[in-house]
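# Structure assessment
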Amino acid sequence: PGTIYLKDYQAPNYLINRTELHFVLGEEETLVTSRLHLLRNTENGDSSELILDGQDLELVEIYLDGDVLDPSCYEVGEATLLLRDLPEQCLLSCVTRIRPQLNTSLEGLYRSQTMFCTQCEAEGFRKITYYLDRPDVMSVFTVTIDADADRYPVLLSNGNLEETSLLANGLTRVLWHDPFPKPSYLFALVAGDLEHIEDSFTTCSGREVALRIYVEEKDIDKCDHAMDSLKRSMRWDEEVFGREYDLDIFNVVAVDDFNMGAMENKSLNIFNTSCVLCDPNTTTDVGYQRVEAIVAHEYFHNWSGNRVTCRDWFQLSLKEGFTVFRDAEFSSDMGSRTVKRVEDVTLLRSAQFAEDAGPMAHPVRPESYIEINNFYTLTVYEKGAEVVRMIHTLLGPQAFRAGSDLYFARHDGQAVTCEDFVLAMEEASGADLGQFRNWYSQAGTPRLTVTDAWNKEAGSYALTISQSCPATPGQDDKKPFVIPVAMGLLGDAGNLRLQLQGEAPDPDTEDNTHMVLMVDKPEQTFVFEGLPEKPVPSLLRGFSAPVRLEFDYSRNDLCRLMSGDDDGFVRWDSAQSLGVSVITEVQAQLLAGDEAQVDPLFLEACGALLQDDALDPAMLAEMLSLPSENYLAELAGEGAADVQGIYRARTAVLAAVGSHCREALEQRYAQLAVEAKYAATGEQIAARSLRAVCLNYLAAAGASGLALANAQFAAADNITERLAALRVLSQFGSRSDWEAPMAKFYDDWGHETLAVNQWLAVQASMPDDGAIARVRHLMEHPDFDLRNPNKVRSLVGTFAGQNPLNFHREDGSGYRLLRQVVAELNSINPQIASRLLAPLTKWRYYQGRAEQMRSELELLASMDGLSADVFEVVSKSLK
Ligand code: B3K
Ligand code: ZN
């Protein structure tokens, strides 16, 4: 497979003004007739040769302007259709035969259970018909579908339904027209025997929009939360971004077999069932929140992605980073801003930082790829959102909104670049984002090293900040970034007033305790004056930039920030840092053969948190959650992560807190019991999450906690509490503790696919010695199916990603298991195969494991018939 470069971008030499598609859906095969209204793009030369994309297609007929095309005028290649001597303007028509029933890649047109559905982003449309399958070719689509009226009473595509007719032979025909020009990746088609719920939304200009969610009949009572989320998203996008919905109908369809969470096809969003269905017995609290966020994300794409789309796939973050930023703002407004921020930073630090430090590291705007599907990454999405957030911080909310308005107005109906976005932001605000652009072009996580100096006589305090960024593949030397460091200074009685040396006091704010330092040089010193005492610096408030920050805090300083800082994020972050330092210390003790001695300061800090009734329980739950094993491994650095040591130390700290704070934990646990009927309200969710944290500590500390978990499992009326109990029992208990409840869970909920998936995930993350045999055994379970991505992710993905102790077993059996699954999936579903592979690519990190991990990658590399997806990840990882 070859490499594609951003620098080689060329505009298309033909445009497709209109696209007419006709589908005849059948049980064995589907016939697709296309009518493409082509126009030469004179901006780009006057070649009469056109190369269309097409994959796994059988060309049945081809016509030009109504006449059969002479075979000398075209050539069918492996993934192309070459056309010669095309006139400047013409109508090209093709009939292709495809077999959706055999399509296991879940890209293009395929079957999921009893329905037909599509997934075209990024390059799936070429598996449906020959086309210019690239995002800068935008076309107005008209689609007709013929299908058996009994089997497929629901036939959907983009835009408005304009006609329905009954054909003679038991077929129904529908005609859909989408007035908005769109690239092929936003095309969608669904056919099935589906039920729907319906609601409506009145837009800010008074238009009435019909909202429908289509699901299998058995799931019809699980749609309300998604519908409410959709309405909230529509209102919020009007109020906060001034974006109004543009059609009279908006459809959502849930499908079981889906490669990712959901897809923003114009007016026909297709969702993984796991990201739309909600029911207290199948969906956890986190699941409810995820559904709301994903419904919002896909809806927001209607503007940031569909009305204004990407010129090429290197610009993916243009729509994804911006839309993740938008959905994060939405979630913050719907719930707790600080908690949302903490969740996002946790993901960024434990997974995106690792990606940025690994063999697949790439800039937010990559410069090359082999398989674009490998670039739907945490870097493009989450770091991309951080980059947009920094622009928001630099410009302030009003100028940012002006920039966003300008961007949408100027580029409506166009396919554009990240540069266009930045230009709009600059023009609307007057800001210069010249050097800031390095965030788009340079990979790697910048490191900020901060030191301080206190001058008692002068009452001045200096912070010296230096930045660096490690080399990443193909980028050895990095230019300095522009890094906004939001900060404050904490004194004995609270936050101190900030006065920078050489700057006039800010007349606007009396209470001047917060500021954003612009770090844009390799090293800079900021001096604060007029201070009554030596402060503790509160740095990177709100996580104002996606960087690693190093400052040599004492444990006492961290405790002060934890309890006294103004910024919720810094309070949480200080608790994390304290946790890291305590766990690392215990790890060293255990390694030396000593007993674990957890610093009493930490135990008391946890005790104090538990007594703090003023703190939001959701926030408290986050503050009391110890850093994850993955994050600790990431912090250890290359060649130094000792998973077993980390696991033992972390577990010892959990147990120590559990014993030291037993009374307070038990008390909180009892107080927080939710008496009311299950509801996914902020208040109930917060109570359950803090309760789960308490239960975890108590169970780590011994038998009484396990007894509580058992009782919780028996009494629970929702899956959140059931799974929390099951998790605790299977993490800390012995077989006799978890065996019966594990079986009972399946007996009770085995008929609910989404509940079963979570049951698989709990078992995949168990730390005991039987884990690998258990995962292999579950792969033979009747409910497991290698063709269903949700199953694969729940069982194998969770094992490799969330069970470090067993994945990194010394005998290499964890690596072997993953390699075997990836090898099998390679031909079934390359996208899922390559995603699953990620944990093996981190071989440089793990102490004493590099050779074993590499050798599994080498085995994959030597396989015949390796997909481009897997090839790219394997070959880059082995470099
Ligand atoms: N845009 C889709 C992702 C498509 C992934 C293709 N491999 C969902 C989203 O980000 O909203
Ligand atoms: Zn998206």
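Residues numbered from 1 in each chain as written. Chains lettered and ligands numbered in written order. Predicted model: local features only at pLDDT ≥ 70, side-chain atom pairs only at ≥ 80, totals over all residues.

This is how it is decided: UniProt positions are given in the numbering used here, feature names are shortened, and annotations may be inferred rather than shown by experiment.
Going by what an unreviewed UniProt entry lists, the protein is known as Aminopeptidase N and is assigned to Halioglobus japonicus. What UniProt states about the protein under its Sequence similarities (unreviewed entry) heading is, verbatim, "Belongs to the peptidase M1 family." On record in UniProt, under Catalytic activity (unreviewed entry), the comment for the protein is "Release of an N-terminal amino acid, Xaa-|-Yaa- from a peptide, amide or arylamide. Xaa is preferably Ala, but may be most amino acids including Pro (slow action). When a terminal hydrophobic residue is followed by a prolyl residue, the two may be released as an intact Xaa-Pro dipeptide."

## Let's talk about the overall build of the protein
Note the following rule: Each helix is a run of DSSP H or I of at least 4 residues and each strand a run of E of at least 2, with the numbering of both proceeding from the N terminus. In this treatment the radius of gyration is a C-alpha quantity, and the globule benchmark scales as 2.2 Å times the residue count to the 0.38 power. Put plainly, a residue is buried at 20 or more neighbouring C-beta atoms within 10 Å of its own, exposed at 12 or fewer, and partly exposed in between, counting only other residues' C-beta atoms, which are placed from the backbone. Contact definition: two residues whose C-beta atoms, as placed from backbone geometry, lie within 7 Å.
Counting its regular elements, the protein contains 28 helices and 32 strands. At 28 Å, the protein has a C-alpha radius of gyration in line with the 29 Å of a compact globule built from 879 residues. Across the 879 residues in the protein, those meeting the buried criterion constitute 52%. Residue pairs in contact within the protein that sit at least 24 positions apart in sequence constitute 71% of those at least 6 positions apart.

## Some words on the domain arrangement of the protein
The condition that has to hold: Segment limits for the domains were obtained from an automatic or database-derived domain assignment. When residues are grouped by polarity, Ala, Val, Leu, Ile, Met, Phe, Trp, Tyr, Cys and Pro land in nonpolar, Asp, Glu, Lys and Arg in charged, and all others, Gly among them, in polar.
Taken domain by domain, the protein holds domain 1 (309–441), domain 2 (447–504 + 513–551) and domain 3 (568–878). Relative placement of domain 1 and domain 3: their C-alpha centres are 29 Å apart. A per-class count over the side of domain 1 that touches domain 3 returns seven nonpolar, seven polar and three charged.

## Overview of the sheet that holds strand 5 (residues 58–64)
Pairing between sheet strands relies on hydrogen bonds along the backbone, with the strands arranged either parallel or antiparallel. Cut-off, in case you're wondering: At least two bridges found by DSSP between two strands are what make those strands a pair.
If you trace the eight strands from one edge of the open sheet to the other, you get 6-5-9-3-2-12-15-14, paired in mixed fashion. The open sheet is flanked by strand 6 (67–68) and strand 14 (160–166), the only strands paired with a single partner. With seven bridges connecting them, strand 2 (residues 14–25) and strand 12 (residues 139–148) associate as parallel partners. Paired with Glu20 across the two strands is Thr142, which belongs to strand 12.

## Let's talk about the packing of helix 1 (residues 224–241) against helix 2 (residues 285–300)
For clarity, the threshold we go by: The axes used here are C-alpha line fits, helices contributing only the stretch in contact, and every angle between their N-to-C directions lies in the interval 0 to 180 degrees. Oblique is the label for any angle not covered by the other classes, which are roughly parallel (under 35 degrees), roughly antiparallel (over 145) and roughly perpendicular (65 to 115). With the far helix as reference, a near helix turned anticlockwise by less than a right angle produces a left-handed crossing, and one turned clockwise produces a right-handed crossing.
Running from N to C, helix 1 and helix 2 cross one another at 45 degrees; their axes reach a closest spacing of 9 Å. It follows that helix 1 is oblique to helix 2 by the angle criterion. Judged by the sense of rotation from one axis to the other, the crossing of helix 1 with helix 2 is right-handed. Here helix 1 contributes His225, Ala226, Ser229, Leu230, Ser233, Met234 and Asp237 to the contact with helix 2, which in turn contributes Tyr288, Val291, Glu292, Val295, Ala296, Tyr299 and Phe300. Considered class by class, the residues forming the contact of helix 1 with helix 2 number nine nonpolar, three polar and two charged.

## With respect to the UniProt feature "domain: Peptidase M1 membrane alanine aminopeptidase" (unreviewed entry) in the protein
Feature annotation in UniProt assigns "domain: Peptidase M1 membrane alanine aminopeptidase" (unreviewed entry) to the following positions: residues 226–438. Within residues 226–438, the helical portion is 55% and the strand portion 9%, while the C-alpha atoms at the span's ends are 38 Å from each other.

## Focus: the site of ligand 1
Stated formally: Working rule for contacts: place C-beta from the backbone, and if it is within 6 Å of a molecule or strand, that residue counts as near it.
Taken together, Glu121, Ala122, Met260, Ala262, Met263, Glu264, His297, Glu298, His301, Glu320, Asn373 and Tyr376 make up all the residues around ligand 1. Broken down by secondary-structure element, the contributors of at least two residues to the shell around ligand 1 are strand 20 (262–263) and helix 2. Partitioning the shell around ligand 1 into residue classes produces five nonpolar, three polar and four charged.

## Overview of the sheet that holds strand 26 (residues 460–468)
Spatially, 30-26-25-32 is the arrangement adopted by the four strands of the open sheet, whose pairing is mixed. Lying at the two open borders of the sheet, with one neighbouring strand each, are strand 30 (523–528) and strand 32 (548–551). Within the sheet, the average angular offset between the axes of one strand and its neighbour, ignoring direction, is 20 degrees. Relative to strand 30, strand 26 is paired through six bridges, and the arrangement is antiparallel. If you follow Ala462 over to strand 30, its bridge partner there is Val527.

## Brief notes about the UniProt feature "domain: Aminopeptidase N-like N-terminal" (unreviewed entry) in the protein
In the numbering adopted here, UniProt assigns the feature "domain: Aminopeptidase N-like N-terminal" (unreviewed entry) to residues 98–186. Each end of residues 98–186 is marked by a C-alpha atom, and these two atoms are 20 Å apart; helix forms 0% of the span and strand 49%.

## Remarks on unusual backbone geometry
Residue Ala122 is bonded to the preceding Glu121 through a cis peptide linkage, with omega at 0 degrees. The backbone phi angle of Leu540 is positive, close to 60 degrees, even though this residue is not glycine. By the secondary structure assignment, Leu540 is in the loop between strand 31 (536–539) and strand 32. By C-beta crowding, Leu540 is classed as buried, having 25 other C-beta atoms within 10 Å. Positive phi, close to 50 degrees, is recorded for Phe543, a residue that is not glycine. Inspection of the secondary structure puts Phe543 in the loop between strand 31 and strand 32.

## Looking at the nonpolar core
For the record, the criterion: Nonpolar core, as used here: buried Ala, Val, Leu, Ile, Met, Phe, Trp, Tyr and Cys residues forming one set through C-beta atoms within 7 Å.
Ranked by internal contacts, the top residues of the largest apolar core, which has 264 residues, are Val190, Val253, Val653 and Leu836. Looking at this core element by element, the count peaks at twelve residues for helix 16 (residues 682–700).

## Quick look at helix 10 (residues 568–591)
Convention followed: By this rule, a helix spans an expected 1.5 Å times one less than how many residues it contains.
Taking 1.5 Å of rise per residue, the 24 residues of helix 10 would be expected to cover 34 Å, and the 35 Å separating its terminal C-alpha atoms lies within 8% of that figure. After helix 10 finishes, the residue Gly593 shows a positive phi value of roughly 85 degrees.

## Comments concerning the packing of helix 21 (residues 771–778) against helix 24 (residues 813–828)
Taken N-terminus to C-terminus, the directions of helix 21 and helix 24 make an angle of 20 degrees; their axes are 10 Å apart at the nearest point. Classified by the angle their axes make, helix 21 and helix 24 are roughly parallel. Regarding helix 21 and helix 24, the two cross each other, and that crossing is left-handed. From helix 21, Ile772, Val775 and Arg776 reach across to helix 24, where they touch Ser813, Gly814 and Leu817. Considered class by class, the residues forming the contact of helix 21 with helix 24 number three nonpolar, two polar and one charged.

## Focus: helix 6 (residues 397–411)
Spelled out, the test is: The arc in question is formed by the directions pointing from the helix axis toward the C-beta atoms.
Over its 15 residues, helix 6 extends 21 Å from the first C-alpha to the last, a length consistent with the 21 Å expected when each residue adds 1.5 Å. Residues of helix 6 that are buried include every one of Phe400, Gly403, Ser404 and Tyr407, and no others. For helix 6, the angular spread of the buried residues around the axis is 100 degrees, confining them to a single face. Across helix 6 from its buried face, at more than 90 degrees, point the exposed residues Gln398 and Ala409. Buried residues along helix 6 sit in contact with helix 1, helix 5 (378–395) and helix 7 (418–429). Directly beyond the C-terminal end of helix 6, a positive phi value near 80 degrees is found at Gly413.

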